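# Coordinates in review
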Amino acid sequence: YQAYVIWLGTVVRGDLGDSYRYQEPVTDIIFSKFPVSIYYGIVTLIITYMVCIPLGIVKAIKHRTHLDNFTSILVFGGYAIPGYALGALLVVFMAARWEWFPMGGFHSDEFEELSAFGKMKDILYHSVLPLICYLVSAFAFVTMLMKNHLMDNLAADYIRTAIAKGNTFRNAVVGHAMRNSMIPLATYLGGSVTLFVTGSFLIETIFDIDGFGLLGYTSIIDRDYPVVIGVLLITAFLILLGNILSDMLVALVDPRVRFK
């Protein structure tokens, strides 16, 4: 109990101790890994919502057509493959055997010698395979979440009433059904905050991405307990922050919800 009280007091002051492996403050080590994981988290989130929301709308409107069945096979096929397993296959075939992409890392060794455009191109080139692994599972979840809730709203009485009053089907979908269907997506968006920094331990390990996930994995292997505790503490804080953000987003989307 005394050790916990002492540790909690140092945490309140922003001191998480020193790493056993690096002999540096844990806070400095953790925050130095944030930019890489934040980059992958934001890009994954943007691509997921830009692709899955329109795809879910199309699947709901074209339900039980060949387009709906074909896209369902693709998204559920990706969902059935764990990201780390797909990453191992991509490294073996597309990086090692065919040499289409680099084996891993966030950028090449000569990164500092490149121009601004060259640096951007180099980072994107190294990001292709990891982003595929990040996106495969999220695609199926967000797409089907959008499709199922939009179909429920399209079958509701208020949509039939809106059409009976003279609204076109397009206006009824965009003006009425879409907003109600976005409520579950707003909830999911808040829960995705942890992806901004934590990423995936195994995906970052497979592609040797020097981010927050790889730091957590190596600290567990090396029994670097101050770093492990720091990673768990920040992850727990982000989960709480994500839940609060989810409530705020739901209040913005759903007019029936108000903060008091």
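We now turn to the structure provided with this report.

Here we come to the packing of helix H2 (residues 26-61) against helix H3 (residues 66-80). Their axes nearest at 9 Å, the elements H2 and H3 cross at an angle of 140°. Viewed along their axes, H2 and H3 adopt a mutual orientation that is oblique. Crossing handedness for the pair H2 and H3: left-handed. Here Leu-55, Val-58 and Lys-59 of H2 come into contact with H3, specifically with Leu-67, Asp-68, Thr-71, Ser-72 and Val-75. Residue classes in the contact of H2 with H3 are distributed as 4 nonpolar, 2 polar and 2 charged.

Core analysis: the largest hydrophobic core is formed by 19 residues, its most contacted members being Tyr-40, Leu-90, Leu-129, Cys-133 and Phe-207. Breaking this core down by element, the ones donating at least two residues are H2, helix H4 (83-97) and helix H5 (116-154). At 6 residues, the largest contribution of residues to this core is made by H5. Contact partners of Tyr-40, with chain neighbours within four places excluded, come to Phe-106, His-126, Ser-127, Pro-130, Leu-131, Tyr-134 and Ile-209.

Cut-off values and rules
Residues numbered from 1 in each chain as written. Predicted model: local features only at pLDDT ≥ 70, side-chain atom pairs only at ≥ 80, totals over all residues. Heavy atoms only, no water. Axes fitted to C-alpha atoms, helices over the stretch in contact; angles between N-to-C directions. Helix = DSSP H or I, 4+ residues; strand = E, 2+ residues; numbered from the N terminus. Parallel < 35°, antiparallel > 145°, perpendicular 65-115°, else oblique. Left-handed = near helix turned anticlockwise from the far one by under 90°. Contact = heavy atoms within 4.5 Å. Nonpolar A, V, L, I, M, F, W, Y, C, P; charged D, E, K, R; others polar. Core = buried A, V, L, I, M, F, W, Y, C linked by side-chain atoms within 4.5 Å. Buried < 20%, exposed > 50% of the residue type's maximum accessible area, 1.4 Å probe, protein only.

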